[in-house]
Amino acid sequence: MTQAPTPTADTVRRLVRSLLKESTGRNTGEDGGPDVHSVGEGHEHTWWVGTRQVLRLAPDQDASARRRRELRLRDLVRPHVPVTVPVSVAHGDWAPGLAYTLDTVVPGGTADEHDVSAVGEADLAGLLGGLRAVPVRQAEALGVPRTAPRSLDALRRMAVQAAERLATADEFDATRLHLTPPGAAQLAAQHGTAVLTHHGLTGEHVVVSADGRVRGVLDWTEAALGDPAEDIAGLAVAVGSPAAVRAATLAGYGPRPCLRGLWLARCDTVLRLAGHLEGRAPGSLPLLRSRLRRAWEPILLERVTEFKDDDETPP
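Residues numbered from 1 in each chain as written. Predicted model: local features only at pLDDT ≥ 70, side-chain atom pairs only at ≥ 80, totals over all residues. Heavy atoms only, no water.

**Student:** When you look at the overall build of the protein in this model, what are you seeing that I'm missing?
**Tutor:** Counting its regular elements, the protein contains 10 helices and 10 strands. In terms of C-alpha radius of gyration, the protein reaches 21 Å, essentially the compact-globule figure of 20 Å for 315 residues. With respect to the three principal axes, the spread of C-alpha positions in the protein is 65 × 45 × 40 Å. The buried share of the protein, taken over its 315 residues, is 47%. Contacts in the protein between residues at least 24 apart in sequence constitute 74% of all its contacts with a sequence separation of at least 6. Looking at the protein as shown, the accessible area adds up to about 15200 Å², and 53% of this sits on carbon and sulfur atoms. Of the side chains in the protein, 36 bear a positive and 40 a negative charge, and the two mean positions are spaced by 2 Å. (Helix = DSSP H or I, 4+ residues; strand = E, 2+ residues; numbered from the N terminus. Rg over C-alpha atoms; globule rule 2.2 N^0.38 Å. Buried < 20%, exposed > 50% of the residue type's maximum accessible area, 1.4 Å probe, protein only. Contact = heavy atoms within 4.5 Å. Areas by Shrake-Rupley, 256 points an atom, 1.4 Å probe, with all protein chains shown as cover. Lys, Arg positive; Asp, Glu negative; His and termini not counted. Charge placed at Lys NZ, Arg CZ, Asp CG, Glu CD.)

**Student:** Just to check I follow, could you spell out the environment of Ser284 for this structure?
**Tutor:** Counting through the fold element by element, Ser284 comes out in the loop between α9 (255-277) and α10 (285-295). On the basis of relative accessibility, which here comes to 37%, the residue Ser284 falls in the partly exposed class. Each C-alpha atom of the pair Ser284 and Leu273 lies 9.5 Å from the other, and the pair is 11 residues apart in sequence.

**Student:** Mind showing me how you'd approach the nonpolar core here?
**Tutor:** Grouped burial of nonpolar side chains is what soluble globular proteins tend to show. In this structure, Val77, Leu124, Leu127, Leu196 and Val239 are the most contacted members of the largest nonpolar core, which totals 68 residues. Not counting residues up to four positions away in its chain, the partners in contact with Leu124 are Val116, Val206, Val214, Leu235, Val239 and Ala247. Counting residues in each nonpolar core, the second largest holds 14 residues, with Leu19, Trp47, Val49 and Ala90 among its members. (Core = buried A, V, L, I, M, F, W, Y, C linked by side-chain atoms within 4.5 Å.)

**Student:** Sorry, what's going on with the packing of helix α7 (residues 229-239) against α9 here?
**Tutor:** Angle between the axes and distance between the axes are the two parameters that describe a pair of packed helices. At a closest axis distance of 7 Å, the pairing of α7 and α9 adopts a crossing angle of 55°. The angle between the axes of α7 and α9 places the two elements in the oblique class. The chirality of how α7 crosses α9 is right-handed. From α7, Ala229, Glu230, Ile232, Ala233, Ala236 and Val237 reach across to α9, where they touch Pro257, Cys258, Arg260, Gly261, Leu264, Ala265 and Thr269. Here the contact of α7 with α9 is composed, by residue class, of 9 nonpolar, 2 polar and 2 charged. (Axes fitted to C-alpha atoms, helices over the stretch in contact; angles between N-to-C directions. Parallel < 35°, antiparallel > 145°, perpendicular 65-115°, else oblique. Left-handed = near helix turned anticlockwise from the far one by under 90°. Nonpolar A, V, L, I, M, F, W, Y, C, P; charged D, E, K, R; others polar.)

**Student:** In this structure, what is going on with the packing of helix α3 (residues 118-133) against helix α8 (residues 241-250)? I would like to understand it.
**Tutor:** Closest axis-to-axis distance for the α3/α8 pair is 8 Å, and the angle between their directions is 55°. Comparing their axes, α8 and α3 come out oblique. Seen from above, α3 lies across α8 with right-handed handedness. Side by side, α3 and α8 meet where Glu121, Ala122, Leu124, Ala125 and Leu128 of the first sit next to Ala243, Arg246, Ala247, Ala248 and Leu250 of the second. Looking at the contact of α3 with α8, its residues break down into 8 nonpolar, no polar and 2 charged.

**Student:** Please clarify how helix α2 (residues 61-77) should be interpreted in this entry.
**Tutor:** Since the α-helix turns once every 3.6 residues, residues separated by three or four places project in the same direction. In a regular helix each residue adds 1.5 Å, so 17 residues correspond to 24 Å; α2 covers 24 Å between its end C-alpha atoms and thus fits that length. When the local axis directions of α2 are compared, the greatest deviation, roughly 30°, occurs at Leu71. By the burial criterion, the buried members of α2 are Ala63, Ser64, Arg67, Arg69, Glu70, Leu71, Leu73, Arg74, Leu76 and Val77. In this fold, the buried residues of α2 make contact with β3 (53-57), β4 (88-95), β5 (98-104), α3, α4 (136-141) and β7 (195-197). (Expected span 1.5 Å × (residues − 1). Bend = angle between axes of the 7 residues up to and from the residue.)

**Student:** Please clarify how the sheet that holds strand β8 (residues 206-208) should be interpreted in this entry.
**Tutor:** Each strand in a sheet pairs with its neighbour through backbone hydrogen bonds, running either in the same direction (parallel) or in the opposite one (antiparallel). Taking strand neighbours across the sheet as the criterion, the 3 strands line up as β6-β8-β9 in an open arrangement whose pairing is antiparallel. Each edge of the open sheet carries a strand with a single partner, namely β6 (109-110) and β9 (214-217). (Pairing = 2+ DSSP bridges.)

**Student:** I would appreciate a short explanation of unusual backbone geometry in the present structure.
**Tutor:** Where the residue is not glycine, phi is negative for most of them; where a peptide bond is considered, it is trans in most cases. Its identity as a non-glycine residue notwithstanding, Asp170 has a phi of 60°, on the positive side. Among the secondary structure elements, Asp170 is positioned in the loop between α5 (152-168) and α6 (181-186). Unlike most non-glycine residues, His199 shows phi in positive territory, near 65°. When you line up the elements, His199 lands in the loop between β7 and β8. Look at His199 and you get partly exposed, because its relative accessible area is 33%.

**Student:** So what exactly am I meant to see when it comes to the pairing of β4 here?
**Tutor:** Within a regular beta strand, the side chains point alternately toward one face of the sheet and then the other, so they alternate between its two faces. By the bridge criterion, 6 bridges tie β4 to β5 in an arrangement that is antiparallel. Bridge assignment links Ala95 to a residue of β5, and that residue is Leu98. Hairpin connection of β4 to β5: 2 residues between the antiparallel strands, including Gly97 at a positive phi of 80°.

In structure tokens, the structure reads:
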């Protein structure tokens, strides 16, 4: 696999100058072009270009394939969703076999910075509903992979052990993880419910304005055809469980996928925080604690114990 070194500011400036020269037909000179600077620690391959564009450099061939597929997938998704999907103004290779995309910045903050309003929840409902409406065969034709549903019971067993370790560290009340094996079985993914999922709805990928509206969704490189509960889980971590479940319900999902997404998120956040405290997983400790808190916010739907057989069938 082709593996490139970490790009430097000079690497990025040369690429930006060449793009500007191609688009304007003028030589910008050694000092020409907009300012460039790295997005930050942990994002060495993502760079701001001025204030209106972002340059994303694939670090290897697998990431390059996903980046090229993303360009076509965003065009497929865009007509179906009410939020902004980034637009690429240039794309190509920044090193042999390694792709780049230069995208227009979607204005706004992140879900980690701003709370989502009631109208923002309707935006999220439109996102989830729109993803259900994307024809699966068209997404598959673009090379979007299928992913098998995760075993909630296996995840639960790992989370129970992690919760006990967090309790010892005074980070979490392990008795809150009251999902039983029969409960996990009842929340197993239902056959025939695979849809296009973003599969990476973290707070940093959900663009939220100061008034709480959801303005856009970034980074579609991990999109997959699979369990819609994964996106509900992502939203539970990004915007809180109540908002995520309200949005999913408004999108037409019944109690089963909503509760499945809730418990996927809860188990995931327990495992990630435990892994970080034990030195096995990267991340910001305050952010991991915040995501755990969001996923464990109580919701009234947890009282539901009986499900209709068809409550997650798309309309």
